[in-house]
Amino acid sequence: MKSIKEVINNKLASIELDKSVRTDDRIEATYNAHPNLRRIDIDIVNVRSARLISVMEGDQAPLPALNKREDDLREERANYLKANNIRPDFDKPWVSCENCMDTGFVTSYDGRKAVCMSCMMEAVKETFDESGMKDFDTYTPKGFKLDYFGNNKRKKQYDGLRNLIEGKADSSKVSLLTGGSQTGKTFLAVVSCKYAIFQGKSAQYIKADSVQYFTSEELDELKDYDYVVIDDYSSEVTLGYKSASSIHNLLEARSAKSKPTVVVTGTEKESLVANSDERISSILSRATVL
């Protein structure tokens, strides 16, 4: 598993390395085309070295002349750059993405941080795959219709999920996303996970029957994720001891840390509480139905 921040950090490290190589190449190409500029910059370095030596040796006498010499060289350099239409920052790394200034994140219109879509789309897609959504490429916010069923239930559920992700709702309780067969629960669950990732949050989509196969290290990592969706939950999933124990530990830890967790199910809350493993029933009895 990798969160969006981890993937972006890896991408940024690659970008910085590429910028460094391109900067070195650009400096050498510029100097080769403008030997006088190379000479000026070498003279500036020599003057600064001489001044440093004077300071270290406690000899103040040469400093005024050295300072004057550097000022003259800097003025000569500025004039040369302007006359030859050379960018003053030719010897500095250039920003690759003007939108995020190579941070990987931008600020949305309402002041929230979001992933930069101009340069980090590849990182987002990689994170989707790492977050359990490799098989859901077609499940996108763009293709999601709030009024698909002709009522406002879907919009209400979607708004509830967004409020959880944005920290506007109580996340100390598990949230239940319920609905009958073919009502788009999985679509909505996946879209909410993708939305969380777009917001720069660590999110994971998992099937309830797969939780038992997670390692203890993976479960510990999930306990701290910003947003977790457990899909296809039913009381039957908790019949196995390992499955029940894993799900209970995950739900309990995340509730204690007020980390938003959504359980997606086709069963009504009352039935889940009555038939699930006793430890999980206790948590689900306090759950909020979206």
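For the structure given in this document, a descriptive report is provided here. (Residues numbered from 1 in each chain as written. Predicted model: local features only at pLDDT ≥ 70, side-chain atom pairs only at ≥ 80, totals over all residues. Heavy atoms only, no water.)

### Details of the overall build of the chain
Move 1: Secondary structure assignment for the chain yields ten helices and seven strands.
Move 2: For a compact globule of 290 residues, the expected C-alpha radius of gyration is about 19 Å, and the chain comes in at 29 Å, more than 25% above that figure.
Move 3: Over its C-alpha atoms, taken along the principal directions, the chain stretches across nearly 90 × 45 × 30 Å.
Move 4: Scored against the burial criterion, the 290 residues of the chain give a buried share of 43%. (Helix = DSSP H or I, 4+ residues; strand = E, 2+ residues; numbered from the N terminus. Rg over C-alpha atoms; globule rule 2.2 N^0.38 Å. Buried < 20%, exposed > 50% of the residue type's maximum accessible area, 1.4 Å probe, protein only.)

### Structural notes on the pairing of strand 3 (residues 175-178)
Move 1: Alternating residues of strand 3 divide into Ser 175 and Leu 177 and Leu 176 and Thr 178, and every residue in both groups is buried.
Move 2: Strand direction decides the pairing type here: strand 3 and strand 6 (residues 261-265), joined by four bridges, are parallel. Within strand 6, the residue paired with Thr 178 across the bridge is Thr 265.
Move 3: In the sheet, strand 3 pairs with strand 7 (residues 288-289) via two bridges, with the strands oriented parallel. The residue of strand 7 that forms the bridge with Leu 176 is Val 289. (Pairing = 2+ DSSP bridges.)

### Comments concerning the environment of Lys 156
Move 1: Mapping Lys 156 onto the fold places it in helix 5 (residues 153-165).
Move 2: The class for Lys 156 is exposed, based on a relative accessible area of 60%.
Move 3: The sequence separation of Lys 156 and Val 262 amounts to 106 residues, and the corresponding C-alpha distance is 15 Å.

### Quick word on the sheet that holds strand 4 (residues 203-207)
Move 1: Taken in spatial order, the five strands line up as 4-5-6-3-7 in an open sheet, and their pairing is parallel. Lying at the two open borders of the sheet, with one neighbouring strand each, are strand 4 and strand 7.
Move 2: Most of the contacts of helix 8 (residues 241-256) go to strand 5 (residues 227-233), to which it runs at about 145°, and overall it touches strand 4, strand 5 and strand 6. (Contact = heavy atoms within 4.5 Å. Axes fitted to C-alpha atoms, helices over the stretch in contact; angles between N-to-C directions.)

### Re the side chain of Thr 23
Move 1: As for its position among the elements, Thr 23 is in helix 1 (residues 4-33).
Move 2: Judged by relative accessible area, which is 5%, Thr 23 ranks as buried.
Move 3: Every residue in contact with Thr 23, bar those within four places of it in the chain, is listed here: Asp 91, Lys 92, Pro 93 and Trp 94.

### A few points about the pattern of salt bridges
Move 1: Under the definition given, this model contains 24 salt bridges.
Move 2: Glu 28 serves as the salt-bridge partner of Arg 38, at 3.2 Å between the closest nitrogen and oxygen. Here Arg 38, found in helix 2 (residues 35-57), pairs with Glu 28, found in helix 1; they are ten residues apart in sequence, far enough to count as distant.
Move 3: When its relative accessible area of 26% is taken as the criterion, Arg 38 is described as partly exposed. (Salt bridge = Lys/Arg side-chain N within 4 Å of Asp/Glu carboxyl O.)

### With respect to the environment of Leu 284
Move 1: Among the secondary structure elements, Leu 284 is positioned in helix 10 (residues 278-284).
Move 2: Residues Leu 284 and Ala 29 lie 255 residues apart in sequence; the distance between their C-alpha atoms is 66 Å.
Move 3: Excluding residues that lie within four positions of it along the chain, Leu 284 makes contacts with Val 174, Leu 176, Tyr 233, Lys 269, Leu 272, Val 273 and Ser 276.

Everything listed is a geometric property; what it means functionally is a separate question.
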